[in-house]
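Coordinate analysis (summary)
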Amino acid sequence: MKKNKIIVVKGISIATLKYSNEDFISLTDISRNKNEQEPKDVVKNRMRSRTTIEFLGIGEQLNNPGFKGVEFDSFLFEAGSNSFTLSPAKWIEATNARGIISRRGNNGGTFAHKDIAFEFASWVSAGFKLYLIREFQRLKEDEASRLNLEWNLQRTLAKVNYRIHTDAIKENIVPALITREQASFIYASEADMLNMALFGKTAQQWRNENQGKEVLSVGKQACLPDRQAISATMPA
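Quantities reported herein were computed from a predicted structural model and do not represent experimental measurements.

**Quick notes on the pairing of strand S5 (residues 109–113)**
Most of S5 sits inside the fold, with five of its five residues counted as buried. Bridging between strand S3 (residues 22–26) and S5 involves three bridges; their strand directions are antiparallel. Bridge pairing links Ile25 to Ala112 in S5. As judged from the four bridges shared by strand S4 (residues 100–103) and S5, these two strands associate in the antiparallel manner.

Structure follows, in structure tokens:
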């Protein structure tokens, strides 16, 4: 679970986080738009609704193989009665739900998958939901921009390190009295040793399979300079 990121919607700070590679948004923070002093009561009150339980249950049935349908049916049957109460923690524990997360302590509260959070926000305020979606999209666009910057940086570092690597081959591995053709063979062999270690194929095989497409992951881009540096320091 990654550290919270904050978006500000109409002056209210709303925490978001990444869990199991999915985006979650704080229902507790969204509820401050309706009740700033006791936002958790807003969440509990909404979870008493039969339509809310039905919505949550269908979402779990579609996306969570471990969801406990019998317990869900029990909540659905009781929902709406005057005596019925349901907290997020009780829902999670009883049904093994994954669409909602309950966290304690600092930066805690109730978090829900973004699809659930947007639906919850529409109940709090239809206008607030639109502002929330806009700020959340802005956050994702900023993350995408940073990822693209990281990609370009890793490409540049890989190019610089590769030049250092080939210079090391020239100075330490390639003998002084060999032909140009022999030298190019040694360069290719050393380069393909790295390619085989990291990618499981030579550069030529990769080009044949991908036909020039940019499919190299950021992780492999980051690993390549280290592999080059290690290889350059190995004795001939």
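On we go.
**A look at the nonpolar core**
Nonpolar side chains in soluble globular proteins generally cluster together in the buried interior. Membership of the largest hydrophobic core comes to 33 residues, with the highest contact counts inside it found for Ile14, Ile30, Ile53, Trp91 and Leu132. Counting only elements with at least two residues in this core, the list comes to strand S1 (5–9), strand S2 (12–19), helix H1 (27–31), helix H2 (39–46), helix H3 (50–63), helix H4 (69–78), helix H6 (114–124) and helix H7 (126–172). Discounting chain neighbours no more than four positions away, the residues touching Leu132 are Ile7, Val9, Ile14, Ile30, Ala117, Phe118 and Ala121. In this structure, Ala15, Leu17, Phe24 and Ile101 belong to the second largest nonpolar core, which totals five residues.

**With respect to the pattern of salt bridges**
Going through the model one piece at a time under the given rule, you end up with seven salt bridges. With a closest N to O distance of 3.0 Å, Asp23 and Lys140 form a salt bridge. Here the residue Asp23 occupies a position in strand S3, and Lys140 occupies one in helix H7, the gap between them amounting to 117 residues. When its relative accessible area of 12% is taken as the criterion, Asp23 is described as buried. For Lys140, a relative accessible area of 23% translates into the label partly exposed. Beyond isolated ion pairs, a larger network of salt bridges with shared partners links Lys5, Lys18, Asp23, Lys140 and Glu143.

Quick notes on the rules
Residues numbered from 1 in each chain as written. Predicted model: local features only at pLDDT ≥ 70, side-chain atom pairs only at ≥ 80, totals over all residues. Heavy atoms only, no water. Buried < 20%, exposed > 50% of the residue type's maximum accessible area, 1.4 Å probe, protein only. Helix = DSSP H or I, 4+ residues; strand = E, 2+ residues; numbered from the N terminus. Pairing = 2+ DSSP bridges. Core = buried A, V, L, I, M, F, W, Y, C linked by side-chain atoms within 4.5 Å. Contact = heavy atoms within 4.5 Å. Salt bridge = Lys/Arg side-chain N within 4 Å of Asp/Glu carboxyl O.

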